[in-house]
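Reading the structure
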Amino acid sequence: MSGPQRTGTGGGSRRAVVTGLGVVSPHGTGVEAHWKAVADGISSLGPVTREGCAHLPLRVAGEVHGFDAAETVEDRFLVQTDRFTHFALSATQHALADARFGRADVDSPYSVGVVTAAGSGGGEFGQRELQNLWGHGSRHVGPYQSIAWFYAASTGQVSIRNDFKGPCGVVAADEAGGLDALAHAALAVRNGTDTVVCGATEAPLAPYSIVCQLGYPELSRAAEPDRAYRPFTEAACGFAPAEGGAVLVVEEEAAARERGADVRATVAGHAATFTGPGRWADSREGLARAIGGALAEAGCRPEEVDVVFADALGVPEADRAEALALADALGPHAARVPVTAPKTGTGRAYCAAPVLDVATAVLAMEHGLIPPTPHVRNVCHDLDLVTGRARPAEPRTALVLARGLMGSNSALVLRRGAVPPEGG
């Protein structure tokens with residue numbers, strides 16, 4: 001395994017800061033709905049109700065109910081796109097509004113970029129069009145099939161709809177790609193782009209998409225929502241998948257201050273490694289190296305980490321590896337630092353899961369509250385896992401972790417608000 005790959009998010013004269021959050025999650029649409037449920041320890045896991053899925057062995061997932069993309073997105077964009085892009089377009093509008101970033105703030109369309117990550121792509125759209133092909137013939141397949149299924153669709157449509165012509169990209173780096181997309185956004189800012197809209201959304205609950213996921217041994221087959229996703233316990237039986245995600249507005253700090261934006265957090269450090277698919281014992285070393293690389297880039301000592309948002313796969317071997325990786329990277333502080341995994345209440349939304357964790361981490365630092373880990377009680381690892389109810393705290397530095405089923409590991413360090421030039 002090679003050493004951690006760092007993307008240069010920390011240091012330098014141009015700092016990448018978070019000024020806006022947009023969320024579409026099983027807890028609801030919008031930051032307020034999501035944060036209230038997370039802070040209260042509510043679970044939105046439930047039976048899979050998506051059309052055509054009743055006969056499949058996946059029983060529990062985190063579905064986004066009551067979502068109406070037409071409230072924020074015009075019809076001409078909706079008909080071209082899949083549900084995962086509907087989530088991205090809606091979350092983007094919420095993030096831009098949250099950042100108070102409008103057309104008047106764009107000096108040039110080339111000053112704003114877009115970076116997203118996606119794992120499942122437009123499965124629902126693609127399945128519908130393929131059924132039309134086989135059931136009715138090629139003349140019944142719409143022209144947008146060629147683009148709506150593609151994992152790059154969200155980046156393209158966000159860019160087109162908002163006339164953002166700066167550096168645009170898509171990260172295909174397994175589930176850890178959600179964190180990697182934020183790191184790429186921060187790197188673009190350091191390299192001269194003023195603003196980057198970044199994040200990840202997923203919609204993997206169409207029948208074809210679920211059938212593909214059934215090949216993952218890590219997928220939970222439990223039928224009870226309160227038993228389907230319980231990481232770091234002896235009862236861990238895999239993860240419950242989810243749809244939804246989050247989008248962030250990341251800006252160059254001086255540009256953000258010039259337009260009067262609130263600096264909510266600083267993207268301080270990031271690193272990534274690769275240890276191979278299904279090799280969960282090896283992910284201990286890979287994740288520890290990613291954590292060490294992210295802390296080094298952020299200029300952050302292990303004891304400065306105030307909260308860890310865990311990857312929390314829910315597979316005993318993987319959970320053990322994560323706990324040991326924290327001990328390897330943080331030393332004695334690993335047993336004292338609060339650890340949380342609020343995704344056990346929403347499900348694991350693949351590339352979008354760690355981006356939702358980043359949004360939640362920003363909110364936790366702002367509200368002085370570490371959210372709990374729903375459904376988890378008897379922890380069988382040497383971790384201070386926050387369970388039951390939220391814990392009052394004053395976190396100023398958050399460490400967010402992510403691993404992918406194909407072997408990617410990623411770590412991101414966030415600092416509350418703006419960080420002084422000396423890093424203090």
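Being a predicted model, the structure only gives us computed values, none of them experimental. (Residues numbered from 1 in each chain as written. Predicted model: local features only at pLDDT ≥ 70, side-chain atom pairs only at ≥ 80, totals over all residues. Heavy atoms only, no water.)

1. Some thoughts on the packing of aromatic side chains
For the structure on display, the rule yields five aromatic pairs. Between Phe67 and Phe87, the ring centres sit 4.9 Å apart and the planes meet at 65°, which makes this aromatic pair edge-to-face. Here Phe87 lies in helix H3 (residues 83–98) and Phe67 lies in the loop between strand S5 (60–61) and helix H2 (75–78), a separation of 20 residues in the sequence. For the pair Phe67 and Phe87, a shared accessibility class is recorded, and that class is buried. Each ring, one from Tyr216 and one from Tyr350, has its centre 6.5 Å from the other, and the planes form 50°; the classification is tilted. Highlighted residues: Tyr216 in the loop between helix H8 (207–213) and strand S9 (244–252) and Tyr350 in the loop between strand S12 (338–340) and helix H12 (352–367), separated in sequence by 134 residues. When its relative accessible area of 27% is taken as the criterion, Tyr216 is described as partly exposed. Within the aromatic cluster, the residues linked to one another by ring pairs are Trp149, Phe150 and Tyr151. (Phe/Tyr/Trp six-rings, centres within 6.5 Å; stacked < 30°, edge-to-face > 60°. Helix = DSSP H or I, 4+ residues; strand = E, 2+ residues; numbered from the N terminus. Buried < 20%, exposed > 50% of the residue type's maximum accessible area, 1.4 Å probe, protein only.)

2. Here we look at the UniProt feature "domain: Ketosynthase family 3 (KS3)" (unreviewed entry) in the chain
Feature annotation in UniProt assigns "domain: Ketosynthase family 3 (KS3)" (unreviewed entry) to the following positions: residues 13–416. Regarding residues 13–416, the helix share stands at 32% and the strand share at 20%, and the terminal C-alpha atoms are separated by 18 Å. (UniProt positions renumbered as here; feature names shortened; annotations may be inferred.)

3. A look at the state of the cysteines
Scanning all chains against the criterion turns up zero disulfides. With no disulfide partner, Cys53 has as its closest neighbouring cysteine sulfur the one in Cys212, 12 Å distant. A relative accessible area of 2% means that Cys53 is categorised as buried. (Disulfide = S-S within 2.5 Å.)

4. Focus on the environment of Gly41
The residue Gly41 is located in the loop between helix H1 (31–39) and strand S4 (46–47) in this model. Setting aside residues up to four positions removed in sequence, Gly41 forms contacts with Pro372 and Pro374. (Contact = heavy atoms within 4.5 Å.)

5. With respect to empty space enclosed by the protein
Summed over all chains, the structure comprises four cavities of 30 Å³ or more. Considered as a void within the structure, the largest cavity measures approximately 70 Å³ in volume. Around the largest cavity, the lining residues are His34, Val38, Pro342, Lys343, Thr346, Gly347, Ala349, Ala353, Leu356, Asp357 and Thr360. Those elements that place two or more of their residues in the lining of the largest cavity are H1 and H12. Top element by residues in the lining of the largest cavity is H12. It accounts for four residues. The wall of the second largest cavity is formed by Glu175, Asp311, Lys343, Arg348, Tyr350, Ala353, Pro354, Asp357, Leu401, Ala402 and Arg403. For the lining of the second largest cavity, the secondary-structure elements that each account for two or more residues are H12 and strand S16 (397–403). (1 Å grid on protein atoms, 1.4 Å probe; cavity = no way out; pocket = protein on both sides within 12 Å on 5 of 7 lines; lining within 4 Å. Points joined across faces, edges and corners; volume = space filled by probe spheres on them.)

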